[in-house]
Amino acid sequence: MSQEQILNISVDGAAVTVEPGTDGFKLFTDRATVAHRVNGELKDLAYKVQDGDVIEGVLIGSPDGLNILRHSAAHVLAQAVQNINPEAKLGIGPPITDGFYYDFDVETPFNPEDLRVLEKEMNRIVQAGQRFMRRVTNDVDARVELANEPYKLELIGLKGSDLGEGSAEVGAGELTIYDNVDSKSGETVWFDLCRGPHLPNTRMIGNGYALTRVASAYWRGNENNKQLQRVYGTAWPSKDELRAHQERLEEAARRDHRRLGAELDLFSFPEEIGSGLAVFHPKGGTMRRVMEDYSRKRHEESGYEFVYSPHITKSNLFETSGHLAWYADGMFPPMRMDEEVDENGVVRKQGQDYYLKPMNCPFHILVFKSQARSYRDLPLRMFEFGSVYRYEKSGVLHGLTRVRGMTQDDAHLFVTPDNMEAELTNVLNFVLGLLKDYGLNDFYLELSTRDPENPKFVGSDEIWETATNTLQKVATESGLELVPDPGGAAFYGPKISVQARDAIGRTWQMSTIQLDFNLPERFDLEYTAPDGTKQRPVMIHRALFGSIERFFGVLTEHYAGHFPPWLAPVQVVGIPVADAFSDYLHGIAAQLRKHAVRVQIDDSDERMQKKIRNHTLAKVPFQLIAGGQDAENNAVSFRFRDGTQENGIPVEEAIARILKAIEDKAQV
RNA sequence: GCCGCUUUGGCGCAAUUGGUAGCGCACCGCACUUGUAAUGCGGGGGUUGAGGGUUCGAGUCCCUUAGGCGGCUCCA
């Protein structure tokens, strides 16, 4: 073998010499390697290595490998759709978290029942073991081949520009088509414009996939474009992993606050009131009150002052604030008051428009403006559980997490530029501390900053710079993971948002701390500085819960309804073994009530076993059971939600344990 | 707002090709008075989200409308 016939390459970090023509199939003989990264770029295993290539195998279970699996599954789905309906036009079909989708332009939308038919056809294609074959083409040829695919033609035209979601189809490099080649006949049975890479063949998709739902989506995500029909699927390296994924979804469904809200009798959305407008039932109301009481207590301890403002206002307030100019669509329409019209229909007295408030800030600003302010007054911290109303589009409403009427735990801090850093530090620590008390303790931060190229941002460069640096510093000092969100700031100031992970790993945006350089300007806010000059304060908006409703929903899902005793609507329920012991338990309940424990005695005429079942399903933290043995010993038996029990606990001790768990905000 | 699906007593579900609504839980009554996840018997409750249409006849088909669900868009 002569020198020039040997290629020196690196495979997974090891130097290797191979013959020309060697491809990934020779380098990686294990079935789990489905592609490889060549000099940092993902390639099919069929790629023939070049001298000097640095190659790393991509395992199917790796993030890259899963994407390749899912994208390949998307191709199989598209082929299945076109096999069944040759008229279907292809949109795009990228991998997404846990799965994939493919968009189609079809005459009649898919039905859920169509999914079974499509899965069957997909299964046939997978079993057929078609090879995915990459083929380089060019604009001219591709346009001929794809003459019947208008959306693909559009993507070819967009090649190299900002494609967003279309990037799975065409990349910055060569234009490529993937042929699906029948393993027996060698015939190309289907093809799609795609940059790849793909699994070597369809059989490797295995049986760990499923189609999950049908939906519609605007072509290229623009609501002015046509809506295409989207089919969603999920795909995993094995059936077991698919099953595990489905179980995770089932677990999330069990925790769904909309379901638990009804089951635990916490809240409802009566149709008579309107979409997105909740009522809290006694149990949910108790929880909400406890949440609010604790929040108030902590705010008071932290130097906030409590203010109150009305739910409606004349339009001029929101004209000054600018909300009517840029947020009118999100507001309920005005109530026109006081207009007087004579018999000829001529307006005799000008009316006045009143609006439901979508935000509390302008009201707090008016409190600030109610008197001349000195630097000595600052920072001024105003807190309110402020109810706001926003006309959210009907399609976005979702349980308690996206509503039309909500109560924010809203505060506005008016600070001098010198106060800013200390105050932001305080606020962030306050926020994190409070969220932890409610049982959330896994956070990361997101810092939204301005795009220097975009002229929409108000405020001087200096103040943006100072503010952004301050937020950055404060965020870094918190020691939490910090995710930058460049260009994500509102036009009026940068912000930090706190993202919390719940018990099953989902993240929720919770608190926001938002700087505002705009409203102080619009309302001409000022304070007198030490040197006697008038200066403009900076405003900080912040909400911890976002809204109480939303936070309530998040906590319900986080705890799966198993609220810790301090939050539980019923903390203790007493269950007598027989009627005769009812009085005994009532005596214990009376002692607990002296300590404000929410306790009930179930002296209904159900059997004891039934009562245990009922209160377990109601997720009451402490069940106290008492019969003859307990009464004789001045004791009681605990039973917990998980079915465990402890018998013969002296009453004194039982009470102490309950009080301690509540006091410590412990989970039981 | 857009697309699709969906809407049956408080809740969860049934009702062959259109032929005048059933079940479980819950609720009420009676009996039972019981040591750790559903005692037994009996009873009341719906005209099928609302409105209109097709039909001899509609929960079942069509239209309008209001909820809900899943996506898309949106979330200043």
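See the structure shown above.
Counting of residues starts from 1 at the beginning of each chain's written sequence and follows it residue by residue. Chains carry letters from A onward and ligands carry numbers from 1 onward, assigned in written order. Reporting of local features is limited, given that this is a predicted model, to residues whose pLDDT is at least 70; pairs of side-chain atoms are given and counted only at 80 or more, and all residues count toward the totals for whole chains, interfaces and linings. As a rule here, side-chain values come from all non-hydrogen atoms in the structure, and water together with hydrogens is ignored.

Participant: Can you walk me through the packing of helix α8 (residues 282-301) against helix α15 (residues 548-559) in this structure?
Facilitator: With their axes 11 Å apart at the nearest point, α8 and α15 run at an angle of 110° to one another. Judged by the inter-axis angle, α8 sits roughly perpendicular to α15. Every residue of α15 that contacts α8 at Gly284, Met287, Arg288, Met291 and Glu292 is listed here: Ile548, Glu549, Phe551, Phe552 and Leu555. As a working rule, the residues Ala, Val, Leu, Ile, Met, Phe, Trp, Tyr, Cys and Pro are called nonpolar, Asp, Glu, Lys and Arg charged, and the rest polar, with Gly in that last group. For the contact of α8 with α15, a count of residues per class yields 6 nonpolar, 1 polar and 3 charged. The convention used is that axes are lines fitted to C-alpha atoms, helices contributing only their stretch in contact, and that angles between N-to-C directions extend from 0 to 180 degrees. Note on conventions: DSSP H or I runs of at least 4 residues are helices, E runs of at least 2 residues are strands, and numbering of each starts at the N terminus. Relative orientations are named as follows: roughly parallel for angles under 35 degrees, roughly antiparallel for angles over 145 degrees, roughly perpendicular for angles from 65 to 115 degrees, and oblique for any other angle. The contact criterion used is simple: two residues touch if any of their non-hydrogen atoms lie within 4.5 Å.

Participant: What should I look at first to understand the pattern of salt bridges in this one?
Facilitator: Pairs can form between side chains of opposite charge once their charged atoms are near each other. Basic side-chain nitrogens of Lys or Arg form a salt bridge, by our definition, when they fall within 4 Å of a carboxyl oxygen of Asp or Glu. According to the stated counting rule, one finds 39 salt bridges in the structure shown. For arginine 402, the salt bridge goes to glutamate 392, with nearest N and O atoms at 3.0 Å. With arginine 402 in the loop between β23 (380-389) and β24 (405-415) and glutamate 392 in the loop between β23 and β24, the pair connects residues that are 10 residues apart, well separated along the chain. Across the pair lysine 473 and glutamate 421 runs a salt bridge, and its minimum N-O distance is 2.3 Å. With lysine 473 in helix α13 (residues 461-477) and glutamate 421 in helix α12 (residues 420-437), the pair connects residues that are 52 residues apart, well separated along the chain. Residue classification places glutamate 421 among the partly exposed residues on the basis of a relative accessible area of 31%. Counted as one network, the salt bridges with shared partners bring together Arg288, Arg289, Glu292, Asp293, Arg296 and Glu549. Any residue under 20% of the maximum accessible area for its type is buried, any over 50% is exposed, and the rest in between are partly exposed; the area is computed with a 1.4 Å probe on protein chains only.

Participant: Looking at this model, I keep getting lost on helix α16 (residues 582-594). Mind explaining?
Facilitator: The first and last C-alpha atoms of α16 sit 19 Å apart over 13 residues, in line with the 18 Å expected at 1.5 Å per residue. Residues Ser582, Tyr584, Leu585, Ile588, Ala589 and Leu592 constitute the buried set of α16. One side of α16 carries all its buried residues, which in axial view fall inside an arc of 155°. The exposed residues of α16 that point more than 90 degrees off its buried face are Asp583 and Lys594. Along its buried surface, α16 packs onto β32 (572-576), β33 (599-601), β34 (622-626), α18 (628-632), β35 (635-639) and α19 (651-663). Alanine 596 sits one or two residues past α16 and shows a positive phi near 65°. Expected span of a helix, by definition, is 1.5 Å for each gap between consecutive residues, and there is one gap fewer than residues. The arc in question is traced by the directions running from the helix axis to the C-beta atoms.

These values are about where atoms sit, not about what they do.
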